[in-house]
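Descriptive structure summary
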Amino acid sequence: MAAIRLTYRIETGGDISRLAEKIASDQSTGTFVAVPGETADLKARCAARVADIRMLEPHDGPAFPQNRVEGGVYARADVDIDFPMEVIGTDIAALVTIAFGGVFSVRGLSGVRIVGLSLPPEFIRAHPGPAFGIAGSRRLTGVYGRPLIGSIIKPNLGLAPSEVADVTRELVEAGVDFIKDDEKMMNPRYAPLADRVRAVMPVILDHEQKTGRKVMYAFGIGSADLDTMLRHHDIVADAGGNAAVIPINSIGYGGMSYLRKRSRLVLHAHRTGWDMLTRHPDLGLDFSVYQTLWRLLGVDQFQVNGIGAKYWEPDDSFVRSFHDCMTPLLDESDRALPVIGSGQWGGQAPETFARNGGSVDLLYLGGGGIMGHPGGPGAGVRAITQAWEAAVAGIALEEHARDHRELAQSIEAFGRSGSP
């Protein structure tokens, strides 16, 4: 019988094996007492089962502070539990409800984190996956053999549509491949989406007419109201746009499924709110699990922070997230393009290239690193492009900067602190 395997990293002041069995029972057929109808045949068909327990080093304090025990030693283990496909089927809401939701309320756990998810091929094939992914993002931008270089309209909030168009013009003339609205920019009164599209798309299309090259602009179309989000999508697509920023946690699994079935755009996932689910190392869930569900639902591009990010996430976490996005679920077509951002300028390019295994399949976003360049946004685009040229060629940035003025300026501006 096909099964979905969840790996839980559990912590308890009690007995690991007992807690593992309790999770399997509580999250499938069991309750706190034996009940009529809970037959051996029913359990054989529908009960979750503990497949393996791998002990880890204990902790001397609980992740949940109310779960303190005498002696202060908390056993830890990675526990594999198999859930029958007959119970969950191929529905993501059923999977999350059964295998994710209730485990965090199990009495006796002092910590729990979901660190692994293994899905049968029939579950994966039941979902659409990315419509564009890495290959489609490259095809639409015409960028091959190097990273896509992108930027974010700054200031994040406050610019009028005409001002957004002015910044867009400077960026496309500088050779940028991709531009996005900040995730906080959706449909504000001072710059409604329809007005931004009317102001920006003529700049994109005029540049395409002159050069044959269409810069990808991802407009923020997210909304908790699905009809509104679809109207926003159509405004962008009907105007000739080809991408959208989606705040995936804000619209939810159902919103993403609804949009993907109707979308003509590259769906660029911003994971705002993700940190609430993962920041404590012994609670929540790993990105490897999180990104699997969103890729099944159709994310084409996935933000994963970056080396030396301006936020809390360690570099090792970014590297793992990058490789998670690059790992096929079934084949290479279901990979999402990793989007590297958060305090990025050209200075992080060499380490990014080295630690991601020498891949250039990525979108490298510079916000302040482009918009705050002393030579202006255009110089910021050229500086990051020059930095990636050096990284791929194995040339030290300082050496490459000797005859690349924009890179030299960015090293002078950002190199002392490491982040713009």
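Calculation notes
Residues numbered from 1 in each chain as written. Predicted model: local features only at pLDDT ≥ 70, side-chain atom pairs only at ≥ 80, totals over all residues. Heavy atoms only, no water. Salt bridge = Lys/Arg side-chain N within 4 Å of Asp/Glu carboxyl O. Helix = DSSP H or I, 4+ residues; strand = E, 2+ residues; numbered from the N terminus. Buried < 20%, exposed > 50% of the residue type's maximum accessible area, 1.4 Å probe, protein only. Pairing = 2+ DSSP bridges. Axes fitted to C-alpha atoms, helices over the stretch in contact; angles between N-to-C directions. Core = buried A, V, L, I, M, F, W, Y, C linked by side-chain atoms within 4.5 Å. Contact = heavy atoms within 4.5 Å. Phe/Tyr/Trp six-rings, centres within 6.5 Å; stacked < 30°, edge-to-face > 60°. Lys NZ or Arg CZ within 6 Å of the ring centre and 35° of its normal.

Thoughts on the pattern of salt bridges
- Taken as a whole and assessed by the stated rule, the structure comprises 25 salt bridges.
- Asp361 is paired through a salt bridge with Arg138; the nearest N and O atoms lie 3.0 Å apart. Of the two residues, Asp361 is situated in the loop between helix H14 (349-355) and strand S13 (363-366) and Arg138 in helix H6 (residues 133-141); the sequence distance between them amounts to 223 residues.
- With a relative accessible area of 6%, Arg138 lands in the buried category.

Side note on the sheet that holds strand S9 (residues 266-270)
- Strand order in the closed barrel formed by eight strands is S5-S6-S7-S8-S9-S11-S12-S13, with parallel pairing between adjacent strands. Across this sheet, the average inter-strand angle for adjacent strands is 25 degrees, counted without regard to direction.
- Sheet analysis places strand S7 (residues 216-220) next to strand S8 (residues 243-247), joined by three bridges and oriented parallel. Considered in S8, the bridge of Gly220 is made with Val245.

Structural notes on the nonpolar core
- Judged by nonpolar contacts, the single largest core of 118 residues is most densely connected at Leu6, Tyr8, Leu95, Phe100 and Phe302.
- Among the elements that line this core, the one with the most residues is helix H12 (residues 287-297), at seven residues.
- Apart from residues lying up to four places away in sequence, Leu6 is in contact with Val79, Asp80, Ile81, Phe83, Leu95, Ala99, Phe100, Ile114, Gly116 and Leu117.

As for the packing of aromatic side chains
- Counting across every chain of the model gives 12 aromatic pairs.
- A centroid spacing of 6.3 Å and a plane angle of 65 degrees characterise the contact between Tyr290 and Trp294, whose relative ring orientation is edge-to-face. Highlighted residues: Tyr290 and Trp294, both in helix H12, separated by four residues, approximately one helical turn. You'll find Tyr290 and Trp294 in the same group, each marked buried.
- Relative to Trp388, the ring of Tyr364 has its centre 5.4 Å away and its plane inclined at 75 degrees; by these criteria the two rings are edge-to-face. Taken together, the positions of Tyr364 in strand S13 and Trp388 in helix H16 (residues 377-393) put the pair 24 residues apart, joining distant regions of the chain.
- Tyr364 sits in the buried class, given a relative accessible area of 0%.
- Judged by relative accessible area, which is 3%, Trp388 ranks as buried.
- The ring of Tyr258 carries Arg262 above its face, with NZ or CZ at 3.7 Å from the centroid.

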